[in-house]
Amino acid sequence: MTGKSTGDAAGEPTGQPTGKLPFPDAALVAYGRAHPGTGLTIGVVLELEGPPPDRRQLADSLRPVAELLGTGPSDGGPWNGAVEYAEACPGRELSDVAHEALTSPLEPHRWSCGAVAGLPGGTSALVWRADHRLLDGAGAAGVLAAWTGAHRPDAATASPARAEPWRARGAVHRAVTDPLRAAWLCGAPLLERRRANAEERAEDAVGAEHPPTALSYACAEIGLGVLRDIARRHGTTVNDVYLAALSGALRTRPELDGPDGRVRALVPVNVRGPGDAAVLRNRHIPLRIPLPVAEPDAGRRLALVAARTAGRARALRHPLVRAVFRSIPAAAGGWCFERYFDPARATLLASNVRGPSSALAVAGRRVLRTLPLNFLPAGHRLSTVLATAQGRAVVGFTTSEPRAAAESLAAAWLGELRVLAAAQAAATGVTTSPTALAR
C-alpha cells in the first residue's frame, strides 16, 4: 500500500492506491448513505498498565497504523489523531469507556484514537475507532498488530476446523461443491421474496433523515482455552461455541427474535486469499446462520450450529468465489447489503475477529485487556463480536436496548459457556438441508 489516499469518483477516501471502490467497500458506502442515522463505528479499547502515553508518544506509536491504512496526518488522510485526553470519573470502568466510545459520533471515512487516564487500579485506556467503510474486522486485527508490534495472524487462514467426512473425497469434489454451495449461501438471501412490511421499512429508510440510534454496550470475557476445550470435546470450532452460547443466551430474550419468531445471525466471513492477506479494507461476505434458539438442550444447540456452519466459510474462500467477488459491479453493492442486513432477513450481526495471540504493548506500556467495538445495523436491536487476543476471548454486545439488557445478555452468554463445559458431546449425525439453512 502507498501512503496516499486517492479517493473514489465521488471524492471519498478509499485508502487504496487506486480510485476504484471494490465490493463490499462500495456496499458499505451506499449502506451508510441510505441509513444516515446508523453509525458504522468499529474498533477496540485497550486497557494499559499505568498512565497513558503522552500525545507525542501516542502519535509515534500510530505511525504504522497510518501507513497500513494508506493515510496519515502528513498527507491529510482520514486521521483525527488523539482527539481527547480525558480523566476518568470515579468508578468509571473499562466497559464504561467502551460504552461511551460507541455513543460518541465518528465522522464518515475517518479513524481516531483517544486516551483516558485514571481508571481503577491506576490503569488507563486507549480508544481506537474507525469507520467500517475504511476496513473490516480482520483489517482491525491487522491494525492492532501493527500498532502493538505483535505478530499478525494470517488473515487468510481460517481457524483449525473440525474434521469433515466428505473431505476425504478430495480436492476435485470440493472444486465442484464449494462454488455451488457458496452461490447458494450468497444468493438465497438476495433472491427470496420480501415481506411487504419489510419492503415498506426499507423504502422509508432510504434517503430519510433518521436520528442516530441510542446504543448500549456490555462485554463478557473469558479465557480462550475454555472455548477451545469445549470445541475440542464436542468436535466443533470456537466460532460454533460462540454462536451456540449466543443461542442459549437469547432463549431468555424472545423480544429480540426476528419478525417470524426465528433468529438468524449474519456472520461476516473473511474471504481474503493468500495474495491479499495484508489488505485492511473490507474483504468479507455475510453468511446467514439460523440459530437454534428454540432447542432446549445446550449440547444439541451446539451440534445444530456446527451442522449449519460446516464447510460454509471454506466454500466462500474458494478461488472461484473470490474471482466472482472481485467482478461484482460496485453499483450492486448497496442493493446486496441492503438485503443482507434487512432486519426481516437477519436478526443480528455476529462477528468473529482473531487478534494477535502474543503479548501486546503500546509505547512501552503493557496491554492488559482488549474490548472490541461493533456497529449496529439499521433496524437491528443486537450486534455481537467475539474478539480473541493474548489468550483471552471477549464478546462485545452492542444493542439499542437499555444497558442493563446488554449486561444481562453478557452474563447469560457466560452462563451458557458453563453449561456447555459440563455438557456431554451431542450425538453425531446432525444434518441440515440447504432448504432449512435458507430459512
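Above this text sits the structure in question.
Here goes a summary of the coordinates provided. Given the structure is predicted, the values throughout are model-derived calculations rather than measurements.

Quick notes on the rules
Residues numbered from 1 in each chain as written. Predicted model: local features only at pLDDT ≥ 70, side-chain atom pairs only at ≥ 80, totals over all residues. Heavy atoms only, no water. Phe/Tyr/Trp six-rings, centres within 6.5 Å; stacked < 30°, edge-to-face > 60°. Buried < 20%, exposed > 50% of the residue type's maximum accessible area, 1.4 Å probe, protein only. Axes fitted to C-alpha atoms, helices over the stretch in contact; angles between N-to-C directions. Helix = DSSP H or I, 4+ residues; strand = E, 2+ residues; numbered from the N terminus. Parallel < 35°, antiparallel > 145°, perpendicular 65-115°, else oblique. Left-handed = near helix turned anticlockwise from the far one by under 90°. Contact = heavy atoms within 4.5 Å. Nonpolar A, V, L, I, M, F, W, Y, C, P; charged D, E, K, R; others polar. Expected span 1.5 Å × (residues − 1). Salt bridge = Lys/Arg side-chain N within 4 Å of Asp/Glu carboxyl O. Pairing = 2+ DSSP bridges. Core = buried A, V, L, I, M, F, W, Y, C linked by side-chain atoms within 4.5 Å.

Focus on the packing of aromatic side chains
Logical step 1: Enumeration over the complete set of coordinates arrives at five aromatic pairs.
Logical step 2: Judged by centre distance (5.5 Å) and plane angle (75°), the rings of Phe 337 and Phe 341 are edge-to-face. The exposure classification of Phe 337 matches that of Phe 341, with both residues buried.
Logical step 3: Aromatic rings pair up to connect Tyr 31, Phe 337, Tyr 340, Phe 341 and Phe 375 into one cluster.

With respect to the packing of helix α8 (residues 224-234) against helix α14 (residues 403-422)
Logical step 1: Contact geometry of α8 with α14 gives a least axis separation of 10 Å together with a crossing angle of 40°. It follows from the interaxial angle that α8 and α14 lie oblique. Relative to α14, the crossing made by α8 is left-handed. On the side of α8, the interface is formed by Leu 227, Ile 230, Arg 233 and His 234, while α14 contributes Trp 413, Leu 417, Leu 420, Ala 421 and Ala 422.
Logical step 2: Its residues assigned to classes, the contact of α8 with α14 shows seven nonpolar, one polar and one charged.

Section: α14
Logical step 1: The terminal C-alpha atoms of α14, which comprises 20 residues, lie 29 Å apart, in line with the 28 Å expected from a rise of 1.5 Å per residue.
Logical step 2: Taken together, the buried positions of α14 are occupied by Ala 405, Ala 406, Leu 409, Ala 410, Trp 413, Gly 415, Glu 416, Leu 417 and Leu 420.
Logical step 3: Against β5 (216-223), α8, α9 (238-250), α10 (298-309), β11 (382-389) and β12 (392-399) lie the buried residues of α14.

What to know about the pattern of salt bridges
Logical step 1: Per the stated rule, a full pass over the model turns up 16 salt bridges.
Logical step 2: One salt bridge in this structure joins Arg 133 and Asp 131, with 2.9 Å as the shortest N-O distance. Both residues of the pair, Arg 133 and Asp 131, belong to the buried class.
Logical step 3: For Arg 253, the salt bridge goes to Glu 255, with nearest N and O atoms at 2.4 Å.
Logical step 4: Through salt bridges with shared partners, a single network forms among Glu 47, Glu 221, Arg 369 and Arg 392.

Some details on the sheet that holds strand β6 (residues 264-270)
Logical step 1: The mixed open sheet is built from six strands, whose spatial order is β5-β12-β11-β8-β6-β7. If you trace the sheet from one side to the other, it starts and ends with β5 and β7 (284-290), each paired once. Taken pair by pair, the neighbouring strands of this sheet meet at an average axis angle of 20°, ignoring direction.
Logical step 2: Relative to β11, strand β8 (residues 348-354) is paired through six bridges, and the arrangement is parallel. For Val 353, the partnering residue across the bridge sits in β11 and is Ala 387.
Logical step 3: Across the sheet, helix α4 (residues 94-103) lies against β5 and β12, angled at about 140° from β5, the strand it touches most.

Structural notes on α4
Logical step 1: Extensive coverage of α4 is indicated by the burial of seven of its ten residues.
Logical step 2: Residues of α4 that are buried: Leu 94, Asp 96, Val 97, Ala 98, His 99, Ala 101 and Leu 102.

Let's talk about the nonpolar core
Logical step 1: By size, the foremost hydrophobic cluster in this structure holds 43 residues, and its most contacted members are Leu 227, Leu 250, Leu 291, Leu 348, Phe 397 and Trp 413.
Logical step 2: By residue number, the principal contributor to this core is α9, which donates nine residues.
Logical step 3: Once you skip the residues sitting within four places of it in the chain, Trp 413 turns out to touch Ala 220, Ile 222, Leu 227, Tyr 242, Ala 245, Leu 246, Ala 249, Val 395 and Phe 397.
Logical step 4: If you look at the next biggest cluster of nonpolar residues, it comprises 40 residues, including Val 44, Ala 140, Ala 150 and Phe 341.

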